[in-house]
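Take a look at the letters that make up each chain.
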Amino acid sequence: MKRKVDIIIAVLVSAVFLIMVGCGKKKSEEVKKVSEAKSEAVTDGLISYWTFDKDDIVGDKAKDVWGNQDATMKGDPKIVTGKVGDALEFDGDDYLLITDDITAAKLPKREMTAEVWVYPGHFIEWGGYIGAAQDNGGFEKGWILGTNHQFSFAVSTDGADDGDGVLTYLKTEVFDPDKWYHVVGTYDGKKMKIYINGKLENTSEVQSGDINYPKNLFFTIGIYKDDDEQFPHKGIIDEVRLYERALSEDEVVQNYNAK
Ligand SMILES: [Ca+2]
Ligand SMILES: [Ca+2]
Ligand SMILES: [Ca+2]
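Residues numbered from 1 in each chain as written. Chains lettered and ligands numbered in written order. Predicted model: local features only at pLDDT ≥ 70, side-chain atom pairs only at ≥ 80, totals over all residues.

Comments concerning the pairing of strand β8 (residues 112-119)
Item 1. Buried residues dominate β8, accounting for seven of its eight residues.
Item 2. By the bridge criterion, seven bridges tie β8 to strand β13 (residues 181-187) in an arrangement that is antiparallel. Across the sheet, the residue bridging to E115 is V184, located in β13. (Buried ≥ 20, exposed ≤ 12 C-beta atoms within 10 Å, placed from the backbone. Helix = DSSP H or I, 4+ residues; strand = E, 2+ residues; numbered from the N terminus. Pairing = 2+ DSSP bridges.)

Structural notes on the sheet that holds strand β9 (residues 127-136)
Item 1. Reading across the sheet, the nine strands line up as β2-β3-β4-β7-β16-β9-β10-β11-β12 and stay open at both edges, with antiparallel pairing between neighbours. One side of each edge strand has no neighbouring strand; the edge strands of this open sheet are β2 (57-58) and β12 (167-171).
Item 2. Examined bridge by bridge, strand β7 (residues 95-99) and strand β16 (residues 219-221) share three bridges and lie antiparallel to one another. Bridging from a neighbouring strand, L97 pairs with T220 of β16.

Structural notes on the nonpolar core
In summary, soluble globular proteins display a tendency toward joint burial of nonpolar side chains.
Item 1. If you look at the biggest cluster of nonpolar residues, it comprises 55 residues, and the most contacted ones within it are V116, I221 and I237.
Item 2. Setting aside residues up to four positions removed in sequence, I237 forms contacts with A87, L88, F90, V116, V118, Y129, I221 and G222. (Core = buried A, V, L, I, M, F, W, Y, C linked by C-beta atoms within 7 Å. Contact = placed C-beta atoms within 7 Å.)

Re unusual backbone geometry
It is generally the case that most residues other than glycine have a negative phi and that most peptide bonds are trans.
Item 1. Even without a glycine there, the phi angle at F52 is positive, about 65°.
Item 2. Here F52 shows up in the loop between β1 (46-50) and β2.
Item 3. Residue classification places F52 among the buried positions, given that 28 C-beta atoms sit within 10 Å.

Observations concerning the pairing of strand β10 (residues 139-147)
Item 1. By the criterion of burial, β10 is predominantly enclosed, with eight of the nine residues buried.
Item 2. Looking at chain direction, β9 and β10 are connected through nine bridges and run antiparallel. Paired with I130 across the bridge in β10 is L145.
Item 3. With antiparallel pairing between neighbouring strands as the criterion, β9 and β10 make up a hairpin whose turn holds two residues, including G137 at a positive phi of roughly 60°.

Structural notes on the environment of A133
Item 1. For A133, the position within the fold is in strand β9.
Item 2. On the neighbour-count criterion, A133 (27 C-beta atoms within 10 Å) is buried.
Item 3. Put simply, A133 and N212 are 79 residues apart on the chain and 9.5 Å apart in space, counted from C-alpha to C-alpha.
Item 4. Among residues more than four places away in sequence, those in contact with A133 are K141, G142, W143, I144, A154, L167, L217 and D226.

Re the environment of L170
Item 1. With respect to the helices and strands, the residue L170 is situated in strand β12.
Item 2. On the basis of neighbour counts, which here come to 23 C-beta atoms within 10 Å, the residue L170 falls in the buried class.
Item 3. In the structure, L170 is positioned 24 residues away from I194 in sequence and 7.2 Å away in space, judged by C-alpha atoms.
Item 4. Ignoring sequence-local partners within four residues, the contact set of L170 consists of S152, F153, M192, I194, N202 and S204.

Let's talk about the environment of K106
Item 1. In this structure, K106 sits in the loop between β7 and β8.
Item 2. If near-sequence neighbours (up to four positions away) are discounted, K106 is found in contact with I47, S48, G67 and Q69.

So, the confidence of the model for the chain
Item 1. Looking at the chain as a whole, the pLDDT averages 90, with 85% of positions reaching at least 70.
Item 2. Predicted confidence is poor over residues 16-37, with pLDDT under 50, and the contacts of this stretch with residues over four places away or in other chains come to one contact. (pLDDT = per-residue confidence, 0-100.)

Shown next, in the form of structure tokens:
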């Protein structure tokens, strides 16, 4: 009897061990798959990542391959050859709506990084690559990475609040619009930075503290959109990432070099 019990215990222990090994293997395979297929970009603090690769476009959804914020395509953005795999080309009336419900949106609270690859085509006055903002007269809240006749990254925070919010539009020099650019805006709770192709272009310390969000907003890609304005992007956007922390300069360079 003792021997029989020993055998049963041995079998059970082996089974548990095999199940554990099996689960561990599955998990590491999943992680490996994400890191291999989706580049060597930084994942610490990553909230969402939209690749715009054709396998990640399902129906009218551009899949968030990291988080759970799939974006709904409005209009008819085209899948074209991108900087990394495929990208989406916007013809001037297309954009992606992630959500217009701020309570459902997963947004950075204090620190942040917004990152895109873009083939601008041109630089409009109020352009948005990715954003969640309202700028209506003196009411200026949220953040937006886009254009302001050149590349621009705008953030509104509690530290600079004048009662109904203040957005600082941090701009770069004017670049040739007919090239690909890696555009990154970071904010660490006290300093805004904008990088083009891994190089720091401008900084501001006007803003400080938590990001100052409005109660209602449009969390979008490929458009500057708020309650009283709508300026869709015309050009190509690829590899959009949003983080809940400010990437360091080395990390921005790492993402710039990620394939
Ligand atoms: Ca892509
Ligand atoms: Ca507005
Ligand atoms: Ca204001």
